[in-house]
Amino acid sequence: MALRINSIDIFPREAHICVSIGNAFPKTVSSACAQYILQQYPQLANHACFSGGARVFGQVIQGASVPHVLEHLIIHEQLLQCSHAYCVSSALRLVGCTTWNNDEHTSALIRVMFYDDLVLLRALRTQTAFLNKALKQCS
């Protein structure tokens, strides 16, 4: 597996997800892989993102860390699954932050907000599988 979920800690409205990346897989997203991901999820390009001075994720997806891409995919999937009552509420703000856990860039911590733990877990499972497939197709 390219990307593996090691652990998930659930807190009120926030999850901490530890992931690892196999040595045979890239730690960052190539141009071809970024293009493939954005073809499948064009809305990701407009996600707010403040990484490296960017304002939107489309500006940094090429060369972004694989865990950072997963963070955005998880948030996006949750938004797709949200019920109408949550979506129209101004209280629904899903944000995240991703940091490497080691110098080798083989382990990372993704912190992400959620509104429903079951929706979060479904998004995590679905988008990890999608990203693994994308990484294999693009390498």
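That block above? That's the structure.
Definitions and limits used
- Residues numbered from 1 in each chain as written.
- Predicted model: local features only at pLDDT ≥ 70, side-chain atom pairs only at ≥ 80, totals over all residues.
- Heavy atoms only, no water.
- Helix = DSSP H or I, 4+ residues; strand = E, 2+ residues; numbered from the N terminus.
- Phe/Tyr/Trp six-rings, centres within 6.5 Å; stacked < 30°, edge-to-face > 60°.
- Buried < 20%, exposed > 50% of the residue type's maximum accessible area, 1.4 Å probe, protein only.
- Axes fitted to C-alpha atoms, helices over the stretch in contact; angles between N-to-C directions.
- Parallel < 35°, antiparallel > 145°, perpendicular 65-115°, else oblique.
- Left-handed = near helix turned anticlockwise from the far one by under 90°.
- Contact = heavy atoms within 4.5 Å.
- Nonpolar A, V, L, I, M, F, W, Y, C, P; charged D, E, K, R; others polar.
- Patch = residues over 30% accessible without salt bridge, like charges linked within 9 Å, V, L, I, M, F, W, Y side chains within 5 Å.
- Areas by Shrake-Rupley, 256 points an atom, 1.4 Å probe, with all protein chains shown as cover.
- Salt bridge = Lys/Arg side-chain N within 4 Å of Asp/Glu carboxyl O.

Draft legend 1. View of unusual backbone geometry. Residues other than glycine seldom take positive phi values, yet arginine 13 does so here, at roughly 65°. Phi at histidine 105 takes a positive value of approximately 55°, unusual for a residue other than glycine. Within the fold, histidine 105 resides in the loop between strand E3 (96-100) and strand E4 (107-113).

Draft legend 2. Main features of the packing of aromatic side chains. Counted by the stated rule, this structure contains two aromatic pairs. Ring centres of tyrosine 36 and phenylalanine 130 lie 6.0 Å apart, and the angle between their planes is 15°; on these two criteria the pair is classed as stacked. Of this pair, tyrosine 36 sits in helix H1 (residues 31-40) while phenylalanine 130 sits in helix H4 (residues 117-138), and the two are 94 residues apart along the sequence. Phenylalanine 130 matches tyrosine 36 in its accessibility class, with the two residues each being buried. Centroid distance tyrosine 41 to phenylalanine 130: 5.0 Å. Interplanar angle 85°. Geometry classified as edge-to-face. Within this pair, whereas tyrosine 41 is found in the loop between H1 and helix H2 (66-81), its partner phenylalanine 130 is found in helix H4, the two being separated by 89 residues in sequence.

Draft legend 3. Just the environment of methionine 113, in detail. With respect to the secondary-structure elements, methionine 113 resides in strand E4. When the C-alpha positions of methionine 113 and leucine 79 are compared, they lie 11 Å apart, and in sequence the two are 34 residues distant.

Draft legend 4. Spotlight on the packing of H1 against H4. Packing of H1 against H4 leaves a shortest axis separation of 9 Å and a crossing angle of 140°. Between H1 and H4, the angle falls in the class oblique. Note that H1 runs across H4; the crossing there is right-handed. Residues Ala32, Cys33, Tyr36, Ile37 and Gln40 of H1 form the contact with H4, whose participating residues are Phe130, Leu131, Lys133, Ala134, Leu135, Gln137 and Cys138. Partitioning the contact of H1 with H4 into residue classes produces nine nonpolar, two polar and one charged.

Draft legend 5. Just a nonpolar patch on the surface, in detail. A cluster of nonpolar residues, Ile8, Ile10, Leu118 and Leu121, forms a patch on the protein surface that exposes about 320 Å² of accessible area. Those elements that place two or more of their residues in the nonpolar patch are strand E1 (3-11) and H4. Take leucine 118: it is sitting in helix H4.

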